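Descriptive structure summary
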Amino acid sequence: MLRFSPLQVCILRQLSSTAMSRSNIMIPNSQEGGVKRAAEPEASTNEEKRFHKDTTPDGVMEVVRRKRRKYALLLSYCGKGYLGMQRNPGYRTIEDDLLTAMLHADLMTEEGCTCPQMFHFQRAARTDKGVSAARQVVSVKLPEDVTIPDMVVRINQHLCSQIRVMAIRRATKGFNCKSWCDSRTYSYMCPTFAFAPEIEKAKEDYRITPEVLDGLRNILKLYEGTHNFHNFTARKKAQDASANRYIMDIDCGQPFERNGLEWLLIKIKGQSFMLHQIRKMVGLAMAISRGLVGSEVIARAWKESRLDVPIAPGLGLVLEEPHYNKYNKRYGSDGIHEPLTWEDEKQKIEEFREDNIDSCIIETEIRDKSMLQWLSTLPLHHFSTSEKNTSGLSSKTKGSDDEVEDEDEDDLDQYRVSPHKSKETPVTSGVGKLKEITNGHIGTNVEGSLNVPSNTDQSEGEASNVSEAKCPNS
């Protein structure tokens, strides 16, 4: 007779219980004198099999289970008229319009549109208000019963002309476009007169000289490497580990002329960026190039003392591309998934950028002259490590550090939802449409009071300072 230790008996019971629950063995029912089927285990939440309502030819509504897979969506958009990428209830955002377009394209459920985390929705970078993107990546689970070309067409049909889905790629089950992103490249386009020496008055007919251009490149190279960028963002202390950021490359191309102005394009590649970091980096480079302060101020900015660093206008900042080198190396040649390099879409993206992004930046600068106005306040900065503002610069002067904290609170009305506009106008809001579809019931946190941006710190991208809509049950 075999004898088992208490531990062996416990293990055997667990194995027997697991095998019984996974099989279709009929278990005797002592109370009813018959048999009953063993209870099946609940479906795993990772399966993400959602239900889809469909209408039969007879007009009968039936529920169909749709299997979903993870995809990477490539977006291009002009950020004018939008309060950034990330959803902020009551205001126009890129994410709201995208989710609503997927809802109308029958690729997203109403619950998923309200709580996108249900379908593992994520964006690679959070762009700030008015910031455009030549290549923005979003990961989300979409139905596999629709072909990729059809998904692109159907989503774009419900988007305004300044937002376009350029491509969709099948991704791995665990793909997250934010966590898999190795680095991000941004660009800043501005008139060359922003770098003119102070002895030369900044005018629209200014043309940058080779000496000034070489000097600017030398200034930009000082940013490369790992440094403490606490002085280049708001509400970040020098002791915070997250203030250390790695800049891989920064440079500017050759100047070019458009609409009577000479322009310069600065490209910055780094692992991640904090709120307003790029605009402050460019703003300080402009001050140095104009001779308002020496280049040694950059070395002082890495130290613990708080430094007065000007913030350049937001117009001209563009998300060029999130990079996925590690993902492409691991999965790009496995025969199932394609690398996220977007070479086939290059021409289409450049055409969109020329028509919707670059032209918007140029026309807005010529009309509003935002750079000229900002340059007039640049000499008011003291670039000092003193905690007090000794220059007489008021707390609300454009470009001041106080203005960095509060700049989004004065002009939010232009981004508010106006659901009666046509879809060709950027004021069309996904939240407004969703409220109509769901009779105003779109979730506990989404329906609540409007979340006015508070410039909270973000960990990637020139981040949008808005709060994300949470799942009602989270």
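Note that the coordinates shown come from a computational prediction; the quantities given were computed from them, not determined experimentally.

Turning our attention to the overall build of the protein. Within the protein, the regular secondary structure consists of 13 helices and 14 strands. About 22,600 Å² of surface is accessible on the protein, with carbon and sulfur atoms providing 49% of the total.

Right, let's get into the packing of helix 5 (residues 210-221) against helix 6 (residues 277-289). For the pair helix 5 and helix 6, interaxial distance at closest approach is 10 Å and the crossing angle is 135°. When the axes of helix 5 and helix 6 are compared, the pair comes out oblique. Seen from above, helix 5 lies across helix 6 with right-handed handedness. Contacts between helix 5 and helix 6 involve Val212, Leu216, Ile219 and Leu220 on the former and, on the latter, Ala285, Ile288 and Ser289. Residues belonging to the contact of helix 5 with helix 6 are distributed by class as follows: six nonpolar, one polar and no charged.

Among the nonpolar cores identified, the biggest contains 110 residues, and Met102, Ile155, Tyr223 and Tyr324 are the most heavily contacted of them. The element best represented in this core is helix 6, accounting for eight residues.

So, on to the environment of Leu220. Tracing the sequence through the fold places Leu220 in helix 5. Along the sequence, Leu220 and Ile266 sit 46 residues apart, while their C-alpha atoms lie 9.2 Å from each other. Setting aside its immediate chain neighbours within four residues, Leu220 contacts Ile250, Asp251, Cys252, Ile266 and Ala285.

Looking now at the pattern of salt bridges. Here the structure, examined in full by the defined rule, presents 18 salt bridges. Between Glu257 and Arg207 there is a salt bridge whose closest N-O contact spans 3.2 Å. Pair noted here: Glu257 is in strand 12 (residues 256-258) and Arg207 is in the loop between strand 9 (183-191) and helix 5, with a separation of 50 residues, a long-range link. Among the residues examined, Arg207 registers a relative accessible area of 30% and is labelled partly exposed. Salt-bridge contacts for Asp251 lead to Arg217; the nearest nitrogen and oxygen are separated by 3.8 Å. One end of the pair, Asp251, is in strand 11 (residues 244-252); the other, Arg217, is in helix 5, with 34 residues separating them in the sequence.

Attention now moves to the packing of aromatic side chains. Applying the stated criterion to the full structure yields 11 aromatic pairs. Both rings, one in Phe175 and one in Tyr327, keep their centres 4.9 Å apart while their planes meet at 55°; by these two values the pair is tilted. Taken together, the residues span a long stretch of sequence, with Phe175 in the loop between strand 8 (163-170) and strand 9 and Tyr327 in helix 8 (residues 325-331) at a distance of 152 residues. The residues Phe175 and Tyr327 share a single accessibility class, namely buried. Measuring from centroid to centroid gives 5.5 Å for Trp180 and Tyr327, while their planes differ by 75°, and the two rings are edge-to-face. Placement of the pair is Trp180 in the loop between strand 8 and strand 9 and Tyr327 in helix 8, with a sequence separation of 147 residues. Residue Tyr327 is classed as buried on the basis of its relative accessible area of 0%.

Considering all chains together, one arrives at two cavities of 30 Å³ or more under this definition. Space inside the largest cavity adds up to approximately 50 Å³. Around the largest cavity, the lining residues are Tyr188, Met189, Cys190, Pro191, Trp263, Pro313, Leu315, Ile361, Glu365, Ser370 and Met371. Elements represented by at least two residues in the lining of the largest cavity include exactly strand 9, helix 9 (346-368) and helix 10 (370-377). No other element matches strand 9, which puts four residues into the lining of the largest cavity. Residues of the lining of the largest cavity, tallied by class, amount to nine nonpolar, one polar and one charged.

So, on to the side chain of Asp358. Take Asp358: it is sitting in helix 9. For Asp358, a relative accessible area of 12% gives the class buried. Beyond its immediate stretch of four places on either side in the chain, Asp358 contacts Met189 and Arg353.

Relative to the helices and strands, Gly130 is located in the loop between strand 6 (122-123) and strand 7 (132-143). Sequence-distant contacts of Gly130, defined by excluding residues within four places in its chain, comprise Gly79, Lys80, Tyr82 and Gly84.

For Arg235, which is not glycine, the phi torsion reads 55° and is therefore positive. Structurally, the position occupied by Arg235 is in the loop between strand 10 (225-228) and strand 11. In the Ramachandran plot, Asn259 falls in the positive-phi region, its phi being about 55° despite a non-glycine side chain. Counting through the fold element by element, Asn259 comes out in the loop between strand 12 and strand 13 (261-270). You can call Asn259 exposed: its relative accessible area is 52%.

Take the pairing of strand 14 (residues 317-323) next. Among the seven residues of strand 14, seven are classified as buried, and the element is accordingly described as predominantly covered. Where strand 7 meets strand 14, two bridges bridge the pair, whose relative direction is parallel. Counterpart to Ser132 in the pairing with strand 14 is Val318.

Summed over all chains, the structure comprises zero disulfides. The thiol of Cys181 is unpaired, and the distance to the nearest cysteine sulfur, on Cys177, comes to 8.1 Å. Considering cysteine sulfurs only, Cys190 is the nearest to Cys252, which forms no disulfide, with 9.2 Å between them.

Parts of the prediction with low pLDDT should not have their coordinates interpreted in detail. Mean pLDDT over the protein works out to 79, with 69% of the residues at or above the 70 mark. This stretch, residues 20-50, has a pLDDT under 50; its non-local contacts, to residues over four places away or in other chains, come to 37 contacts. Predicted confidence is poor over residues 388-410, with pLDDT under 50, and the contacts of this stretch with residues over four places away or in other chains come to 48 contacts.

About the criteria used
Residues numbered from 1 in each chain as written. Predicted model: local features only at pLDDT ≥ 70, side-chain atom pairs only at ≥ 80, totals over all residues. Heavy atoms only, no water. Helix = DSSP H or I, 4+ residues; strand = E, 2+ residues; numbered from the N terminus. Areas by Shrake-Rupley, 256 points an atom, 1.4 Å probe, with all protein chains shown as cover. Axes fitted to C-alpha atoms, helices over the stretch in contact; angles between N-to-C directions. Parallel < 35°, antiparallel > 145°, perpendicular 65-115°, else oblique. Left-handed = near helix turned anticlockwise from the far one by under 90°. Contact = heavy atoms within 4.5 Å. Nonpolar A, V, L, I, M, F, W, Y, C, P; charged D, E, K, R; others polar. Core = buried A, V, L, I, M, F, W, Y, C linked by side-chain atoms within 4.5 Å. Buried < 20%, exposed > 50% of the residue type's maximum accessible area, 1.4 Å probe, protein only. Salt bridge = Lys/Arg side-chain N within 4 Å of Asp/Glu carboxyl O. Phe/Tyr/Trp six-rings, centres within 6.5 Å; stacked < 30°, edge-to-face > 60°. 1 Å grid on protein atoms, 1.4 Å probe; cavity = no way out; pocket = protein on both sides within 12 Å on 5 of 7 lines; lining within 4 Å. Points joined across faces, edges and corners; volume = space filled by probe spheres on them. Pairing = 2+ DSSP bridges. Disulfide = S-S within 2.5 Å. pLDDT = per-residue confidence, 0-100.

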